[in-house]
Each structure stands twice: as C-alpha cells, then as structure tokens.
Amino acid sequence: MTEKEMWSRFCAESGIAPDTPYEAWAFCGGGPATDELAALVLAGIKTATANTLIAYETEGAALPEPGCFSVILHDDGTAAAVIRDTKVSLVPFDEVPAEHAYKEGEGNKTLAEWREIHRRAFSPDYRAVGKCFDESGLCVLEEFGLVFPTEKA
C-alpha cells in the first residue's frame, strides 16, 4: 500500500479530514534497520523515537508536536503504519532517560545500548555540519501511539 493509500484509508476509517497534515518517513532514513523498526511499531513494542535537533535545523524542518501524524514507511517505500505523537521533548543526549530508551524498543532496551546505537546514528548529523558528536547536544524525543492499522483494520 502506498503512503497516500494508507493515509486515505486511515482518514476514512477514523473520521479524520483527508487534508489533515502528516509527514511520511522511514526509520533511520531507510536501510537495513527500517523494516525491523517498523515491525516493532506494528507489534506495539516501539512507542518512541529520537533524532538530533541539529538534523532538524540543517534540514530547516519544523519540530514535531503532540498530535502530529506520521505515515511510517518500509524500506521499499510502502506504508507500514500511521502513528500520532503524544509527547515531544528536547533533551541533551547525555540526559536521555532510561524510560525513553526502553520505549524505543530496540535491542535489550537499555539506556547503555540506546546510547551506543544512537551515538553511531547521530554522528553523521554532526559531521554534516563540520562538528564532532556532542554528548550534550539536544535530542528530539518523540513518544507516539500506533493509530493505524488497528486490530479492526
């Protein structure tokens, strides 16, 4: 199913206006982990994600806000799910709480593993602007709920 097809179906089944804004994106920007992370969302295990503030600034993108919808994509560009942000916060990397790491649902769900994975994932954002990774750099932490597909979908 395409992103637009999933959004249309979600809107029709939930009573949301089809012109409601949403973003469409793949975890990790695509690649090997994308489908694995989308599967964790569909299983109800992954209910949070994170990015660097510097990435939003570099792209000139608006920060997500509670209530924002996203269509999560598989690596091949097909739609996997629709999520809705419930909480968004800016937190220094070295102050991300263990609870957030657990909600991301990856690996053993520990803060230590989260930091290891995300240092590697976030470093290119800093290199892109000629900087070294910053342990105190701000992260955009999102918590979300799966809104489509649901068990009845």
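This section reports on the structure supplied with the text. Being a predicted model, the structure only gives us computed values, none of them experimental.

Computed from the structure, the largest pocket encloses a volume of approximately 960 Å³. Lining the largest pocket are 35 residues, with Trp 25, Ala 26, Ala 50, Asn 51 and Tyr 56 sitting closest to its centre. Elements represented by at least two residues in the lining of the largest pocket include exactly strand E1 (22-25), helix H2 (32-42), strand E2 (48-52), helix H3 (53-59), strand E3 (69-73) and helix H5 (111-127). Element by element, the count of residues in the lining of the largest pocket is highest for H5, at five residues.

Looking along the chain, the bond that leaves Phe 148 and enters Pro 149 is cis, with omega of 0°. One non-glycine residue, Cys 28, lies in the positive phi region at around 65°. Take Cys 28: it is sitting in the loop between E1 and H2. A positive phi angle is found at Lys 109, which is not glycine, with a value near 65°. Mapped onto the fold, Lys 109 is located in the loop between helix H4 (98-104) and H5. Of the residues examined, Lys 109 reaches a relative accessible area of 27% and is grouped as partly exposed.

In a beta sheet, neighbouring strands are held together by backbone hydrogen bonds and run either parallel or antiparallel to one another. Pairing is mixed across the open sheet formed by five strands, whose spatial order is E1-E3-E4-E5-E2. A strand with exactly one partner marks an edge of an open sheet, and here the two such strands are E1 and E2. In this sheet, adjacent strand axes meet at a mean angle of 35° when their direction is disregarded. Two strands pair when backbone bridges link them, and E1 and E3 are joined in this way by four bridges, in the parallel orientation. Bridging from a neighbouring strand, Ala 24 pairs with Val 71 of E3. This element, helix H1 (residues 3-14), spans E1, E3, strand E4 (79-92) and strand E5 (138-148) of the sheet and lies at about 90° to E4. Along the sheet, H5 makes contact with E2 and E5, crossing E2 at roughly 40°.

What follows deals with the state of the cysteines. Following the criterion strictly, the structure yields zero disulfides and no others. This cysteine, Cys 132, is not joined by any disulfide, and Cys 139 carries the nearest cysteine sulfur, 16 Å off. You can see Cys 139 has no disulfide; the closest cysteine sulfur is in Cys 28, sitting 14 Å from it.

Rules of the game
Residues numbered from 1 in each chain as written. Predicted model: local features only at pLDDT ≥ 70, side-chain atom pairs only at ≥ 80, totals over all residues. Heavy atoms only, no water. 1 Å grid on protein atoms, 1.4 Å probe; cavity = no way out; pocket = protein on both sides within 12 Å on 5 of 7 lines; lining within 4 Å. Points joined across faces, edges and corners; volume = space filled by probe spheres on them. Helix = DSSP H or I, 4+ residues; strand = E, 2+ residues; numbered from the N terminus. Buried < 20%, exposed > 50% of the residue type's maximum accessible area, 1.4 Å probe, protein only. Pairing = 2+ DSSP bridges. Axes fitted to C-alpha atoms, helices over the stretch in contact; angles between N-to-C directions. Contact = heavy atoms within 4.5 Å. Disulfide = S-S within 2.5 Å.

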